[in-house]
Amino acid sequence: MKKMVAEVSIIMGSQTDWSVMSDASFVLDELNITHEKKIISAHRTPDRMSEFAKSAASNGIKVIIAGAGGAAHLPGMVASYTQIPVLGVPIETQALKGLDSLYSIVQMPAGIPVATFAIGHAGAKNSALFAAKILSLENKNISNSLKKWRKNQSEKVALYPSN
């Protein structure tokens, strides 16, 4: 049986981030997009991070979704090592409710872009949908899955409010 190569990598700074980042995985599953999930900390596993980022393209990864909280250096550091699009998801923190994470990810210096999404669950879901849009440019199956997913979302919205 041929092993499917992941096109998207979902990475996060710690296990606690999975409660949010699992939403990205769920959306990618719904769209039948192969993906992998890894814990890679910019601060606690810097060698793992640099090795991952430097080898992602040669491993078939086309988009990286990186979730991080607090200092949230993971998306930017990974982006500095690769030309693959990096989509940053700020994770909510107790102290500053994720604003620290958002500011860290969105304030990248010129030349190291990271597409930044909303704090938390909405950001994780939208990052997966954005990854699908990127992949759909060259993959008709993903394009069709995305169109079907969007149609299903529209059909779930009632025309009239219930009493």
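In the block above lies the structure referred to throughout.
Residues numbered from 1 in each chain as written. Predicted model: local features only at pLDDT ≥ 70, side-chain atom pairs only at ≥ 80, totals over all residues. Heavy atoms only, no water.

Asker: Tell me about the pattern of salt bridges, and please be specific about residues and values.
Answerer: Evaluated as defined, the whole model comprises three salt bridges. With its nearest N and O atoms 3.3 Å apart, the salt bridge here joins E7 to K62. Residue E7 is found in the segment before β1 (8–12), and its partner K62 is found in the loop between α2 (46–55) and β3 (63–69); the two are separated by 55 residues along the sequence. Residue E7 is classed as buried on the basis of its relative accessible area of 15%. Take K62: its relative accessible area is 43%, and that puts it in the partly exposed class. (Salt bridge = Lys/Arg side-chain N within 4 Å of Asp/Glu carboxyl O. Helix = DSSP H or I, 4+ residues; strand = E, 2+ residues; numbered from the N terminus. Buried < 20%, exposed > 50% of the residue type's maximum accessible area, 1.4 Å probe, protein only.)

Asker: An account of the packing of helix α1 (residues 18–30) against helix α5 (residues 121–136) is needed here, citing residue identities and associated values.
Answerer: As a packed pair, α1 and α5 sit with axes 8 Å apart at the nearest point and diverge in direction by 30 degrees. Here α5 runs roughly parallel to α1, going by the angle between their axes. Note that α1 runs across α5; the crossing there is right-handed. Listed contacts from α5 to S19, V20, M21, D23, A24, V27 and L28 of α1 are H121, A124, K125, S127, A128 and L129. Broken down by class, the residue content of the contact of α1 with α5 amounts to eight nonpolar, three polar and two charged. (Axes fitted to C-alpha atoms, helices over the stretch in contact; angles between N-to-C directions. Parallel < 35°, antiparallel > 145°, perpendicular 65-115°, else oblique. Left-handed = near helix turned anticlockwise from the far one by under 90°. Contact = heavy atoms within 4.5 Å. Nonpolar A, V, L, I, M, F, W, Y, C, P; charged D, E, K, R; others polar.)

Shape is all these values report; function is a separate question.
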